[in-house]
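This is what each chain is made of:
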Amino acid sequence: MPKILEVQHLRKSFGGVRAVDDVSFDLSAGRLLAMIGPNGAGKSTCFNLINGQLKPDSGRVRILGRTSNGCKPREVWKMGVGRTFQITATFASMTVLENVQMVKLSHHGRTRSLTRRMQRMYVEESMELLELVGIKAQWNRPAGVLAYGDLKRVELAMALANNPRLLLMDEPTAGMGAMERTHLMQLTADIVRSRDIAVLFTEHDMDVVFTHADEIIVLNRGSLVARGAPDQVRANRQVQEIYLGTEEAARLQKNGSEAHD
Ligand code: ADP
Ligand code: MG
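Residues numbered from 1 in each chain as written. Chains lettered and ligands numbered in written order. Predicted model: local features only at pLDDT ≥ 70, side-chain atom pairs only at ≥ 80, totals over all residues. Heavy atoms only, no water.

**Q** Explain the site of ligand 1 to me, please; I cannot follow it from the model alone.
**A** Every residue near ligand 1 is listed here: F14, V17, A19, P38, N39, G40, A41, G42, K43, S44 and T45. Here an oxygen atom of ligand 1 sits 3.0 Å away from a polar atom, N or O, in the main chain of G42. Residue S44 places a main-chain N or O atom 2.9 Å away from an oxygen atom belonging to ligand 1. Relative to its free-state accessible area of 560 Å², ligand 1 is covered by the protein chains to the extent of 57%. Secondary structure elements with two or more residues in the shell around ligand 1: β2 (17-28) and α1 (43-51). Examining the composition of the shell around ligand 1, we find that 3 residues originate from one element, α1, more than from any other. Of the residues contributing to the shell around ligand 1, the split by class is 5 nonpolar, 5 polar and 1 charged. (Near = heavy atom within 4 Å. Polar contact = N/O pair within 3.5 Å; in protein donor to acceptor, adjacent residues only side chain to side chain. Areas by Shrake-Rupley, 256 points an atom, 1.4 Å probe, with all protein chains shown as cover. Helix = DSSP H or I, 4+ residues; strand = E, 2+ residues; numbered from the N terminus. Nonpolar A, V, L, I, M, F, W, Y, C, P; charged D, E, K, R; others polar.)

**Q** How should I be thinking about the pairing of strand β6 (residues 81-84) in this particular structure?
**A** Consecutive side chains of a regular strand alternate in pointing toward one face of the sheet and then the other. Judged by which residues are buried, β6 turns out to be covered on both faces: V81 and R83 on one side and G82 and T84 on the other are all buried. When β6 meets strand β7 (residues 166-170), the two strands line up parallel, connected through 4 bridges. Bridge assignment links T84 to a residue of β7, and that residue is M169. (Buried < 20%, exposed > 50% of the residue type's maximum accessible area, 1.4 Å probe, protein only. Pairing = 2+ DSSP bridges.)

**Q** Explain the sheet that holds strand β1 (residues 3-14) to me, please; I cannot follow it from the model alone.
**A** Whether parallel or antiparallel, the strands of a sheet pair through hydrogen bonds between backbone atoms. Reading across the sheet, the 4 strands line up as β2-β1-β4-β5 and stay open at both edges, with antiparallel pairing between neighbours. Sheet topology places β2 and β5 (66-67) at the edges, where each strand pairs with a single neighbour. Note that β1 and β2 share 9 bridges and pair antiparallel. Bridge pairing in β2 places L10 opposite V23. Packing of α1 onto the sheet brings it into contact with β1, β2 and β4 (58-63), and relative to β2 it is tilted by some 60°. (Contact = heavy atoms within 4.5 Å. Axes fitted to C-alpha atoms, helices over the stretch in contact; angles between N-to-C directions.)

**Q** Got a minute to help me understand the confidence of the model for the chain in this structure?
**A** Should pLDDT be low for a region, the predicted coordinates there are not to be read in detail. Taken residue by residue, the chain gives an average pLDDT of 89. The fraction at 70 or more is 90%. Looking over the chain, one finds the lowest element-wise mean pLDDT in helix α10 (residues 247-260), namely 62, and the highest in β2, namely 98. (pLDDT = per-residue confidence, 0-100.)

**Q** Help me understand the domain arrangement of the chain, please; the structure alone is not making it clear to me.
**A** The parts lose accessible area when they come together, and the size of an interface is often stated as this lost area. The domain architecture assigned to the chain consists of domain 1 (1-80 + 165-224) and domain 2 (93-163). Look at where the C-alpha atoms of domain 1 and domain 2 centre, and you get two points 24 Å apart. Domain 1 puts 18 residues into the contact, and the matching count from domain 2 is 17 residues. Both sides of the domain 1 and domain 2 interface together cover about 1,500 Å² of buried area, and 61% of this is carbon and sulfur. If you sort the residues of domain 1 by the area they bury against domain 2, W77, L187 and I191 come out on top, with a joint share of 32%. For the pair domain 1 and domain 2, the interface holds 0 salt bridges. The set of elements that each furnish at least two residues to the side of domain 1 that touches domain 2 consists of α2 (73-78), β7 and α6 (178-195). If you tally residues by element for the side of domain 1 that touches domain 2, the top one is α6, at 7 residues. (Domains from an automatic or database assignment. Buried area = accessible area lost by both parts, 1.4 Å probe. Salt bridge = Lys/Arg side-chain N within 4 Å of Asp/Glu carboxyl O.)

In structure tokens:
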């Protein structure tokens, strides 16, 4: 299977804090890889090293076989990396359709302001994306009036608008209710598997992680401490110790017992 993402001996410190400490992993097309670990483990830093927002102190990131070290976020995006944001990044006053059109325009190197002429561009493919994420009926509403869960769907459509080969999702379901969370992740999983897109995501909800991830990597204090299929990670003593006494520990147990029923 071709490697979409290769992370090799990645390091990043902030002052004396080793936020990411010699992390290596890779990811193939059509796979969902969850990155978990307690708060401060280095997950977001790792994401920002991959998406170009931060430069590594050392190590290498390769996307589709090309080294992306030193590339700016926009260049990384152009290499075929889509991302959703922890904070909703839609333009509230524009319509749902226009938000997706904007990404399409930007991808094709056009200006980011939406003139009258541009309002007629990329309509069809943008509407297709809205249909895909189940929000087509609301295409003409200002994004700002949408329910939170629907806005997350618009963001997913926007993340898919540059036809990414790799999707980076840092806490994509933050702030959502349990039901919505499950729906959004199921939708995401169906879409990426059918399009052979590789996904790296972080998620606090262990139910979501264990239901949807093909594979899990665990960070703790900047280091990668475990990697494997959900069952392997769940059974890993070190992982259990990291989560001991936290709310997630119960989820690890619960998911484990369900799997063995
Ligand atoms: P996570 O996303 O797993 O919660 P982060 O990657 O946000 O973890 O943080 C990892 C560590 O790096 C933490 O100790 C955090 O305080 C530190 N850190 C992250 N970003 C910065 C920054 N911009 N400046 C200083 N320290 C940072
Ligand atoms: Mg984080």
